[in-house]
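Residues per chain are reported as follows:
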Amino acid sequence: DRMVIRCPRPAVDTAAWDQRVREAVRRHFRPEFLNRLTGLFTFVPLSPVEVDAIARREVCRLAERHGLATRLLRLRLTRGAFDAVLQAGYSADFCVRPMERAVDLLVGTALGRFLAENPATSACTLVVDVDEKAEPIVLDGLAVSGRARPLFAAPTQAQRPAASAPPPAQGC
């Protein structure tokens, strides 16, 4: 038997939310079981902005992998590709736990296929978009210029801001 308590995101009163969850747990479980628990933690669902930031972080981690960095390859995603990652990487039950897997499966697989077919590719920007079937595909930077505007780019190590600088508004 599964117990799910949903928390509305706008104007979340965390104390009231915590109390509501604790009361529901006390009603659902026997005191003998609750006595064995060390603690009870409640979580407020992530906002769309937070989910977006986590997806960006995972894409940037992919872009920083050794195979791309040594070939001086940069990575850009179009809005369609990023939306596909968001959709595959978020679930109401698991929140963003599947995000890393979704980035690897969608973007990483498309990059791997492209680089296997084009092994001499280096020192350029690879743009990931989606095709007619909403499958991620990799395009070279020139082919995408009139077709789709990249959503954000994962910067190279040399382009990264210093540790004391505030993080950029978009990208990594």
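Placed above this text is the structure.
Rules behind the numbers
Residues numbered from 1 in each chain as written. Predicted model: local features only at pLDDT ≥ 70, side-chain atom pairs only at ≥ 80, totals over all residues. Heavy atoms only, no water. Helix = DSSP H or I, 4+ residues; strand = E, 2+ residues; numbered from the N terminus. Buried < 20%, exposed > 50% of the residue type's maximum accessible area, 1.4 Å probe, protein only. Contact = heavy atoms within 4.5 Å. Areas by Shrake-Rupley, 256 points an atom, 1.4 Å probe, with all protein chains shown as cover. Axes fitted to C-alpha atoms, helices over the stretch in contact; angles between N-to-C directions. Parallel < 35°, antiparallel > 145°, perpendicular 65-115°, else oblique. Left-handed = near helix turned anticlockwise from the far one by under 90°. Phe/Tyr/Trp six-rings, centres within 6.5 Å; stacked < 30°, edge-to-face > 60°. Lys NZ or Arg CZ within 6 Å of the ring centre and 35° of its normal. Salt bridge = Lys/Arg side-chain N within 4 Å of Asp/Glu carboxyl O. Patch = residues over 30% accessible without salt bridge, like charges linked within 9 Å, V, L, I, M, F, W, Y side chains within 5 Å.

**Here we look at the overall build of the chain**
Link 1 in the chain: Per the secondary structure count, the chain includes 6 helices and 4 strands.
Link 2 in the chain: For the chain, the succession of helices and strands along the chain, N to C, is α-α-α-α-β-α-α-β-β-β.
Link 3 in the chain: Per-residue burial for the chain yields a buried fraction of 33% across its 172 residues.
Link 4 in the chain: Here the analysis covers contacts within the chain between residues at least 6 apart in sequence; of these, 60% occur between residues at least 24 apart.
Link 5 in the chain: Roughly 11500 Å² of accessible area belongs to the chain as shown, and the carbon and sulfur atoms make up 55% of that amount.

**A closer look at the packing of helix H5 (residues 79-89) against helix H6 (residues 99-117)**
Link 1 in the chain: Direction vectors running N to C along H5 and H6 enclose 135 degrees, while the axes themselves pass 8 Å from each other. Here H5 lies oblique to H6, going by the angle between them. Crossing geometry of H5 relative to H6 is assigned as right-handed. For the pair H5 and H6, the contacting residues are Ala84, Val85, Leu86, Ala88 and Gly89 in the first and Met99, Ala102, Val103, Leu106 and Val107 in the second.

**Comments concerning the packing of aromatic side chains**
Two aromatic rings are characterised by how far apart their centres lie and by the angle between their planes.
Link 1 in the chain: Inspection of the entire model under this criterion finds 1 aromatic pair.
Link 2 in the chain: The interplanar angle of 35 degrees and the centroid separation of 5.0 Å between the aromatic rings of Phe29 and Phe33 together place this pair among those described as tilted.
Link 3 in the chain: A relative accessible area of 32% places Phe29 in the partly exposed class.
Link 4 in the chain: Overall, Phe33 belongs to the partly exposed group, its relative accessible area being 41%.
Link 5 in the chain: Here the guanidinium or amino end of Arg56 rests over the ring plane of Phe82, the centre of that ring lying 5.2 Å away.

**Description of unusual backbone geometry**
Link 1 in the chain: For Leu72, which is not a glycine, the phi torsion comes out positive at approximately 55 degrees.
Link 2 in the chain: Relative to the helices and strands, Leu72 is located in the loop between helix H4 (66-70) and strand E1 (74-78).
Link 3 in the chain: Of note, the phi angle at Ala123 is positive, near 50 degrees, even though the residue is not glycine.
Link 4 in the chain: Tracing the sequence through the fold places Ala123 in the loop between H6 and strand E2 (125-130).
Link 5 in the chain: Taking relative accessible area as the criterion, Ala123 reaches 53% and is therefore assigned exposed.

**A short note on the pattern of salt bridges**
Link 1 in the chain: Enumeration over the complete set of coordinates arrives at 7 salt bridges.
Link 2 in the chain: The salt bridge partner of Arg61 is Glu58, with a shortest N-O separation of 3.3 Å. Of the two residues, Arg61 and Glu58 both sit in helix H3 (residues 48-63), 3 residues apart, roughly one turn of that helix.
Link 3 in the chain: A salt bridge links Arg65 to Asp104; the nearest nitrogen and oxygen atoms lie 2.6 Å apart. Note that Arg65 is positioned in the loop between H3 and H4 and Asp104 in helix H6, a separation of 39 residues in sequence.
Link 4 in the chain: Several salt bridges share partner residues, and in doing so they unite Arg57, Glu58 and Arg61 into one network.

**A short note on a nonpolar patch on the surface**
Link 1 in the chain: On the surface, Phe29, Phe33 and Leu37 cluster together into a nonpolar patch covering about 250 Å² of accessible area.
Link 2 in the chain: By the secondary structure assignment, Leu37 is in the loop between helix H2 (31-34) and H3.

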